[in-house]
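# Coordinate analysis (summary)
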Amino acid sequence: MAQIVGERPNTGDIIVDYDEKLFDDVQANEGEKAYIFMHTVPFEGSVGFVNMLTATRINRKGFDTSLVLYGPGVLMASATRGFPTVGAEAFPGHMNFNNQLGTFMKEGGKVYACRFAMAALYGMRESDLIDGVKPMHPLDVLDATLTARREGALVMQTWTL
């Protein structure tokens with residue numbers, strides 16, 4: 001077995017170079033758009049939350065940013081989450097999807113949720129969505145992708161099962 005010689009880093013120590021940035025800090029040009037499509041199971045990994053953080057960062061760079069939730073991704077927009085009561089955080093990070101979607105929308109981001117996934121897959125009603133999330137027809141998932149293509153928008157797509 002390999003032996004590591006030296007002392008373990010202490011809390012607050014820096015173990016990598018956070019100052020070196022290799023790429024320009026790109027900001028959106030006037031009118032640029034971004035679409036983030038998420039077919040992601042909440043809490044089954046970090047992908048959904050990381051994509052929300054990325055969407056928020058893209059929005060802050062000046063892109064007109066839309067987040068499209070479909071399949072299990074619609075569960076991230078549930079306004080009825082919480083324990084022991086709706087809105088209560090059962091453990092640290094339990095409400096991170098709700099909180100991050102709220103931040104994203106407050107800063108001008110748009111969030112859409114597929115009605116097919118909501119009703120057919122999860123029994124969610126439109127009234128179960130976080131305020132500000134817009135329900136969309138299932139055919140709009142493809143048409144949003146085609147719209148993004150025509151607009152020359154930045155497109156990110158994530159699928160997890």
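## Details of the overall build of the chain
Of the regular secondary structure elements, the chain holds four helices and five strands. In the chain, the order of α-helices and β-strands from amino to carboxyl end is β-α-β-α-β-α-β-α-β. With respect to the principal axes defined by its C-alpha atoms, the chain has extents near 60 × 45 × 35 Å. For the chain, the proportion of its 161 residues judged to be buried stands at 36%. Put simply, 72% of the contacts in the chain that link residues at least 6 apart link residues at least 24 apart. When the accessible surface of the chain is summed, it comes to about 10,500 Å², and 55% of that surface belongs to carbon and sulfur atoms. In the chain, 14 side chains carry a positive charge and 19 a negative one; their mean positions are 7 Å apart.

## A closer look at the sheet that holds strand β5 (residues 154-159)
The strand order across the open sheet formed by five strands is β4-β3-β2-β1-β5, and the pairing between neighbours is parallel. Edge positions in the open sheet fall to β4 (134-136) and β5, since each of these has one partner strand only. Pairwise comparison of adjacent strand axes, ignoring direction, gives a mean angle of 20 degrees for this sheet. Sitting on the sheet, helix α2 (residues 96-106) touches β2 (64-69) and β3 (110-114), and the angle it makes with β3 is about 130 degrees.

## Quick look at the environment of Phe-43
Counting through the fold element by element, Phe-43 comes out in the loop between β1 (33-39) and α1 (47-60). C-alpha of Phe-43 to C-alpha of Asn-96: the two residues are 53 residues apart in sequence and 9.7 Å apart in space. Every residue in contact with Phe-43, bar those within four places of it in the chain, is listed here: Arg-81, Gly-93, His-94, Asn-96 and Phe-97.

## Re the pattern of salt bridges
What the rule picks out here adds up to six salt bridges. A salt bridge links Glu-107 to Arg-60; the nearest nitrogen and oxygen atoms lie 2.7 Å apart. Of this pair, Glu-107 sits in the loop between α2 and β3 while Arg-60 sits in helix α1, and the two are 47 residues apart along the sequence.

Thresholds, definitions, all that
- Counting restarts for each chain: residues are numbered from 1 in the order of the written sequence.
- Reporting in this predicted model follows two pLDDT cut-offs: at least 70 for local features of residues, and 80 or more for side-chain atom pairs to be given and counted; totals over whole chains, interfaces and linings ignore these cut-offs and use all residues.
- Values shown for side chains rest on all heavy atoms present in the structure; no hydrogens or waters enter the calculation.
- Strands are runs of DSSP state E lasting at least two residues, helices are runs of H or I lasting at least four, and both sets are numbered from the N terminus onward.
- The classification of residues rests on relative accessible area computed with a 1.4 Å probe and restricted to protein chains. Under 20% of the type maximum is buried, over 50% is exposed, and intermediate values are partly exposed.
- Contacts are assigned to residue pairs that have any heavy atoms within 4.5 Å of one another.
- What sets the accessible areas is the Shrake-Rupley method with a 1.4 Å probe; for residues, cover comes only from the shown protein chains.
- Charged residues are defined here as Lys and Arg on the positive side and Asp and Glu on the negative side; His and the ends of the chain fall outside this count.
- Where a charge lies is defined by one atom per residue type: Lys uses NZ, Arg uses CZ, Asp uses CG and Glu uses CD.
- Paired strands are those between which DSSP finds at least two bridges.
- As a rule, the C-alpha atoms of each element are fitted with a line to give its axis, helices using only the stretch in contact, and angles between N-to-C directions run from 0 to 180 degrees.
- Salt bridge criterion: a side-chain nitrogen from Lys or Arg within 4 Å of a carboxyl oxygen from Asp or Glu.

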